[in-house]
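Reading the structure
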Amino acid sequence: FPGVAALMHSGLRAMGGLMLIIIVLGSIYGGVASPTEAASVAAVYAWLVSVWGYRDIGPLKDVPWRRDGEGTVSMLLRNMVSLPMVMVKSFTDKEVSHVVRDASKVSIMLLFIIANAMLFAHVLTTERIPHTIAETIVAWGLPAWGFLIVVNILLLIAGNFMEPSAILLIMAPILFPIAMQLGIDPIHLGIIMVVNMEIGMLTPPVGLNLFVTAGITGESMGWAIRAALPWLGLLLIFLILITYIPQISLFLPDYLDSLRGYKS
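Quick summary incoming for the structure in this document. This structure is a prediction, so every number in the text was calculated from the model and none was measured.

**Observations concerning the overall build of the protein**
Of the regular secondary structure elements, the protein holds 11 helices and zero strands. Its C-alpha radius of gyration of 25 Å places the protein more than 25% over the 18 Å reference for a compact globule of 264 residues. Across its three principal axes, the protein shows a C-alpha extent of roughly 80 × 50 × 35 Å. The 264 residues of the protein split such that 30% are buried. In the protein, once contacts between residues fewer than 6 apart in sequence are set aside, the share between residues at least 24 apart is 61%.

**Re the environment of I187**
Considering the arrangement of structural elements, one finds I187 in helix α8 (residues 186–200). Taking C-alpha positions, I187 is 8.6 Å from P253, a pair spaced 66 residues apart along the chain. Not counting residues up to four positions away in its chain, the partners in contact with I187 are S249, L250 and P253.

**Focus on the layout of surface pockets**
Of the volumes computed, that of the largest pocket is approximately 630 Å³. Together, 18 residues line the largest pocket, and A43, A46, V99, V100 and A103 are the ones closest to its centre. Of all the secondary-structure elements, those providing two or more residues to the lining of the largest pocket are α2 (35–53), α4 (94–126) and α9 (208–217). Residues belonging to the lining of the largest pocket are distributed by class as follows: 13 nonpolar, three polar and two charged.

**Section: unusual backbone geometry**
Unlike most non-glycine residues, R55 shows phi in positive territory, near 60°. Turning to its location among the elements, R55 is positioned in the loop between α2 and α3 (72–89). Look at R55 and you get buried, because its relative accessible area is 4%.

**Observations concerning the pattern of salt bridges**
Taken as a whole, this structure holds one salt bridge when the rule is applied. The salt bridge partner of E95 is K61, with a shortest N-O separation of 2.9 Å. Residue E95 is found in helix α4, and its partner K61 is found in the loop between α2 and α3; the two are separated by 34 residues along the sequence. We classify E95 as partly exposed; its relative accessible area is 29%.

**What to know about the packing of α4 against α9**
Interaxial distance between α4 and α9 falls to 10 Å at its minimum, and their mutual angle equals 160°. What the angle tells us is that α4 and α9 run roughly antiparallel. Crossing of α4 over α9 shows right-handed handedness. In this structure, α4 uses V106, M109, L110, I113 and I114 to contact α9, whose residues at the interface are L208, F211, V212 and G215. Tallied by class, the residues present in the contact of α4 with α9 amount to eight nonpolar, one polar and no charged.

**Comments concerning helix α7 (residues 164–181)**
Over its 18 residues, α7 runs 25 Å from end to end, which matches the ideal 26 Å to within 8%, given 1.5 Å per residue. The principal kink in α7, of about 45°, is found at M171, preceding the proline P173 by one to four residues. Regarding α7, the residues found buried are P164, A166, I167, I170, M171, I174, L175, I178 and A179.

**Topic: the side chain of S27**
Within the secondary structure, S27 is located in helix α1 (residues 2–29). For S27, a relative accessible area of 13% corresponds to the buried category. Ignoring anything within four residues of it in the chain, the contact list for S27 reads I22, V32, A33 and A38.

**Re the nonpolar core**
F147, L155, M162, I167 and M171 are the most contacted members of the largest nonpolar core, which has 33 residues in total. Going through the elements one at a time, α4, α6 (144–161), α7, α8, α9 and α10 (221–244) are the ones with two or more residues in this core. Beyond its immediate chain neighbours, meaning those up to four positions away, M162 contacts A117, F120, A121, L124, I167 and I170.

**A few points about the packing of α6 against α7**
Pairs of packed helices are described in terms of their axes, by the angle between the two and the distance that separates them. Interaxial distance between α6 and α7 falls to 12 Å at its minimum, and their mutual angle equals 175°. Put simply, α6 runs roughly antiparallel to α7. Residue-level contacts link F147, V151, L154, L155, A158 and G159 of α6 to I167, M171, L175, I178 and A179 of α7. Considered class by class, the residues forming the contact of α6 with α7 number 10 nonpolar, one polar and no charged.

**Digging into the environment of A172**
Structurally, A172 is set in helix α7. The class of A172 is partly exposed, set by a relative accessible area of 24%. Between the C-alpha atom of A172 and that of L189, which follows or precedes it by 17 residues, the distance is 9.2 Å.

What counts, and where the lines are drawn
Residues numbered from 1 in each chain as written. Predicted model: local features only at pLDDT ≥ 70, side-chain atom pairs only at ≥ 80, totals over all residues. Heavy atoms only, no water. Helix = DSSP H or I, 4+ residues; strand = E, 2+ residues; numbered from the N terminus. Rg over C-alpha atoms; globule rule 2.2 N^0.38 Å. Buried < 20%, exposed > 50% of the residue type's maximum accessible area, 1.4 Å probe, protein only. Contact = heavy atoms within 4.5 Å. 1 Å grid on protein atoms, 1.4 Å probe; cavity = no way out; pocket = protein on both sides within 12 Å on 5 of 7 lines; lining within 4 Å. Points joined across faces, edges and corners; volume = space filled by probe spheres on them. Nonpolar A, V, L, I, M, F, W, Y, C, P; charged D, E, K, R; others polar. Salt bridge = Lys/Arg side-chain N within 4 Å of Asp/Glu carboxyl O. Axes fitted to C-alpha atoms, helices over the stretch in contact; angles between N-to-C directions. Parallel < 35°, antiparallel > 145°, perpendicular 65-115°, else oblique. Left-handed = near helix turned anticlockwise from the far one by under 90°. Expected span 1.5 Å × (residues − 1). Bend = angle between axes of the 7 residues up to and from the residue. Core = buried A, V, L, I, M, F, W, Y, C linked by side-chain atoms within 4.5 Å.

Below, the structure written as structure tokens:
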């Protein structure tokens with residue numbers, strides 16, 4: 001079956017890039033590395049795959065893995081011997097330098113945005129603005145469904161100006177006790193917060209995903225915002241669903257709890 005053989009060959013070639021996802025998520029969720037450490041390992045692995053594996057850029061660009069009439073053992077030995085040479089020459093290769101420079105520009109841009117967002121969050125915390133808002137919400141005496149509406153509005157507004165980690169650090173300790181008093185499951189509240197923060201990553205002026213998209217594609221911020229609007233609409237619909245249909249968020253934890261109860 002030539003079609004199956006071609007599919008398997010393409011799948012094996014793609015595994016070099018797909019392993020990047022496994023390395024990042026596997027090391028983070030496996031507790032092996034922090035997100036920063038996983039990103040560092042992923043950067044080195046991406047360089048190795050692109051320069052020495054796929055050979056799309058770098059000193060071995062367009063150099064085939066196997067030469068005409070070359071055996072498998074000699075091919076492997078020759079390519080393994082070439083690895084140290086590739087590592088040294090990559091530092092002076094124009095294409096590799098261009099990729100590193102572009103990646104540095106995007107990273108510096110994002111770090112600048114995150115730093116300013118954290119500074120703004122510090123100002124808000126110092127002025128006790130989130131605490132005042134939360135105390136006002138409590139004073140309203142809202143039912144659970146009304147409280148969730150206010151939470152969504154509050155988090156959507158905060159997502160426009162604050163970085164997600166700052167929102168978690170400031171809002172979670174305030175909203176959690178109120179949610180417990182109203183009988184809202186903490187897992188349900190947590191997922192609502194995560195979806196709100198993901199929407200905040202797509203809304204200006206501090207929409208990090210928008211800046212990443214614009215920086216990588218070279219398009220304008222207006223283009224990135226217009227391209228994200230349909231997906232932003234889907235996220236808002238999804239937010240409404242998970243807010244008022246708790247089982248979407250809780251069916252898996254409830255199922256696991258039932259399994260543990262059954263085994264015990």
